[in-house]
Amino acid sequence: MTQAPIPSALLPTALPPTAAIIVAAGRGTRAGGTLPKQWQEIGGAPIVAHALRAFAGLYRVLVIHPDDRARAEALGAELVVAGGATRQASVRAALEALEGRGIAQVLIHDGARPLVGPALIARVLTALETHDGAAPALAVTDALWTGAGALVTGTRDRTGLYRAQTPQGFRFDAILAAHRVHPGGAADDVEVARAMGLDVRLVEGEEANLKVTWEADFARARQLMGAGMDVRMGNGYDVHAFCEGDGVWLCGVKVPHGRGLLGHSDADVAMHALTDAIYGALAEGDIGRHFPPSDPQWKGAASEIFLAHAIGLARGRGYALANCDVTIVCERPKIGPHAGAMQARLAAILGVEAGRISVKATTSERLGFTGREEGIASIATAVLTKS
Ligand code: MG
């Protein structure tokens, strides 16, 4: 087993072999959209992928609908199991698949809860040291009413009432035995466990550990996820003068022109601006710092070396390119006919889909050095994110 991302200081000192069952077999589309909710994306990944990641380091069993197998195989769970017609049948299928694998305890989690935190998981694991079961919950704080039609018909005492969450943790043999004898129809695994007489310890839940059910939950989950996201922005600006030549390199595409651009490398002014934007977002200076013009090995170099270096530096620190926007300032050549090819070339170098990359152009109304066609300028902006 690899090291769990759950900080070791939070965990019991000797953690018994633990599996995490992520239940994602439902077809629920109450949240809107055509994909089941757990496969819709927030923060650049399917909801279930976030849930799965929270349990990295444990032996993770992803329970899916058979139609989703291809999607599920890509997520890196240790085991993928086809679920049943109900949630309870899906959990049972996962428990049966785990039998004989030396698992001592199991956490059972809703695939639609993407924001489960390490401290909450650790609280459940700690409580499992002394109880057959442990599950997070939040005390009900709102007043509770009964209603009929549009009218309030009464109030209910909320004392001792809790909102149940997951992961719900159990000793493995005990919960497997409980599932095998349960007749079905349980709301969750705590109900199955209690039917068997197991004691289940309440631990403190978290408001952020919401279950994405309705469309509004997506916005809330995105907002909560964004709050923990590191976002960095950088800009870049570059100018190269025209010289003798038969074309100019712009964003990795050679555009035929009656002149060339003067520079130590291939003088791809737009790619230089974009590269500097990425270095800028990382507070890593500019191209000149990483590829000194005094070094003869970069003479005539293809500028994609610089761009590939910058994005590699970003990835090495855990950042992904959210988007970038490149503007080329010149009277000629006309950029429009080549913008699609430039976008595709940058996407290939950066390893992102083309929709995250914008390439556009403007003239400067014949004003200034670009207007007099003495050279080409470019500005670029890049946004990097780490969640
Ligand atoms: Mg340059």
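For every chain, the first residue of its written sequence is number 1, and the numbers climb from 1 along that sequence. Under the rules for a predicted model, residues below a pLDDT of 70 receive no local features and side-chain atom pairs below 80 are neither given nor counted, while totals for whole chains, interfaces and linings still include all residues. The side-chain figures draw on all heavy atoms in the structure; neither hydrogens nor water molecules are used.

(A) Summary view of the sheet that holds strand β18 (residues 357–362). Following DSSP output, two strands are said to pair if at least two bridges run between them. Helix numbering and strand numbering both begin at the N terminus, where a helix is a DSSP run of H or I of at least 4 residues and a strand a DSSP run of E of at least 2. Pairing is mixed across the open sheet formed by five strands, whose spatial order is β16-β13-β19-β17-β18. The strands lining the two open edges of the sheet, one partner per strand, are β16 (260–261) and β18. Contact definition: two residues touch when any of their heavy atoms are within 4.5 Å. To obtain each axis, a line is fitted to C-alpha atoms, and for helices this fit is confined to the stretch in contact; angles are then taken between N-to-C directions over 0 to 180 degrees. Against the sheet, helix α8 (residues 269–281) touches β13 (230–243), β16, β17 (320–329) and β19 (375–386), its axis set at about 150° to β13. Packing of helix α11 (residues 339–350) onto the sheet brings it into contact with β17 and β18, and relative to β18 it is tilted by some 145°.

(B) Highlighting the nonpolar core. Working definition of a nonpolar core: buried Ala, Val, Leu, Ile, Met, Phe, Trp, Tyr and Cys residues. They are joined through side-chain atoms within 4.5 Å. Buried, partly exposed and exposed residues are distinguished by accessible area as a fraction of the type maximum, computed with a 1.4 Å probe on protein chains only: under 20%, between the cut-offs, and over 50%, respectively. The biggest cluster of nonpolar side chains holds 46 residues, and the ones touching the most others in it are Leu-250, Ile-278, Ile-328, Met-342, Leu-346, Leu-350 and Ile-376. No other element matches the nine residues that α8 contributes to this core. For Ile-278, the residues in contact, after removing those within four places along its chain, are Leu-307, Ala-310, Ile-311, Ala-314, Leu-350, Ala-382 and Leu-384.

(C) Quick peek at the side chain of Arg-60. With respect to the helices and strands, Arg-60 occurs in strand β4 (residues 59–64). By the criterion applied in these results, polar contacts are pairs of N or O atoms within 3.5 Å in which, for protein atoms, one can donate a hydrogen and the other can accept it, and in which residues neighboring in sequence qualify only through two side-chain atoms. Reaching out from Arg-60, the side chain makes a polar contact with the backbone oxygen of Gly-76 at a distance of 2.9 Å. Those residues in contact with Arg-60 that lie beyond four places of it in its chain are Ala-20, Leu-52, Arg-53, Phe-55, Gly-76, Ala-77, Glu-78 and Leu-79.

(D) Structural context of the packing of α8 against α11. Running from amino to carboxyl end, α8 crosses α11 at an angle of 40°, the nearest separation of the two axes being 13 Å. Viewed along their axes, α8 and α11 adopt a mutual orientation that is oblique. Like other packed secondary-structure pairs, α8 and α11 cross with a definite hand, here right-handed. Counting all contacts with α8, which are made through Met-271, Leu-274 and Ile-278, the residues of α11 involved are Leu-346, Ile-349 and Leu-350. Class assignment for the residues of the contact of α8 with α11 results in six nonpolar, no polar and no charged. Under this scheme an angle from 65 to 115 degrees is roughly perpendicular, one under 35 degrees roughly parallel, and one over 145 degrees roughly antiparallel; angles in between are oblique. If you view the pair so one helix is near and one far, a crossing is left-handed when the near helix is turned anticlockwise from the far one by less than a right angle, and right-handed when it is turned clockwise. Any residue outside Ala, Val, Leu, Ile, Met, Phe, Trp, Tyr, Cys, Pro, Asp, Glu, Lys and Arg is labelled polar, Gly included; the first ten of those are nonpolar and the last four are charged.

(E) Expanded view of a nonpolar patch on the surface. Only residues whose relative accessible area exceeds 30% and that take part in no salt bridge are eligible for patches, with like-charged residues grouped when within 9 Å of each other and nonpolar side chains (Val, Leu, Ile, Met, Phe, Trp, Tyr) grouped when within 5 Å. Calculation of accessible area relied on Shrake-Rupley with a 1.4 Å probe; when residues are assessed, cover is drawn exclusively from the protein chains displayed. Any Lys or Arg side-chain nitrogen found within 4 Å of a carboxyl oxygen on Asp or Glu counts as a salt bridge. Taken together, the side chains of Tyr-237, Val-239 and Ile-379 make up a nonpolar region of the molecular surface, amounting to roughly 280 Å² of accessible area. Secondary-structure assignment places Ile-379 in strand β19. A residue is classified by how much of its surface remains accessible, and Ile-379, at 43% relative accessible area, is partly exposed.

(F) Examining the coordination of the magnesium ion more closely. Protein-derived ligands of the magnesium ion are Asp-238 (OD), His-240 (NE2) and His-272 (ND1), with the metal-ligand distances lying across 2.1 to 2.3 Å. A 2.8 Å cut-off from the metal defines N, O and S donors, relaxed to 3.2 Å for Na, K and Ca; water is not in the atom list, so some sites may appear incomplete. Sequence spacing of the donor residues for the magnesium ion, all on one chain, is D-x1-H-x31-H. Across the pair, His-240 and Asp-238 agree in class, each one buried.

(G) Broad picture of the packing of aromatic side chains. Stacked, edge-to-face and tilted labels apply to pairs of Phe, Tyr and Trp rings (six-membered ring for Trp) whose centres lie within 6.5 Å, assigned for plane angles under 30 degrees, over 60, and everything in between, in that order. Here the structure, examined in full by the defined rule, presents two aromatic pairs. Summarising the aromatic geometry, the rings of Phe-291 and Phe-306 are spaced 4.6 Å apart at their centres and angled 50° between planes, so their arrangement reads as tilted. Highlighted residues: Phe-291 in the loop between α9 (287–290) and α10 (304–316) and Phe-306 in helix α10, separated in sequence by 15 residues. Pair check on accessibility: Phe-291 and Phe-306 agree, each one buried. Taken together, the ring pairs connect Phe-291, Trp-298 and Phe-306 into an aromatic cluster. Above the face of the Trp-39 ring, Arg-71 is positioned so that its terminal group lies 5.8 Å from the ring centre. In this scheme, the term charge over a ring applies when either NZ of a lysine or CZ of an arginine sits within 6 Å of the ring centre and within 35 degrees of the ring normal. Here the basic side chain of Lys-386 rests over the ring of Tyr-319, its NZ or CZ set 4.5 Å away from the ring centre.

(H) Molecular detail of the domain arrangement of the protein. Examined at the domain level, the protein breaks down into domain 1 (8–225) and domain 2 (230–386). Start and end points for every domain follow an automatic or database-based domain assignment. Centre-to-centre, using C-alpha coordinates, domain 1 lies 47 Å away from domain 2.

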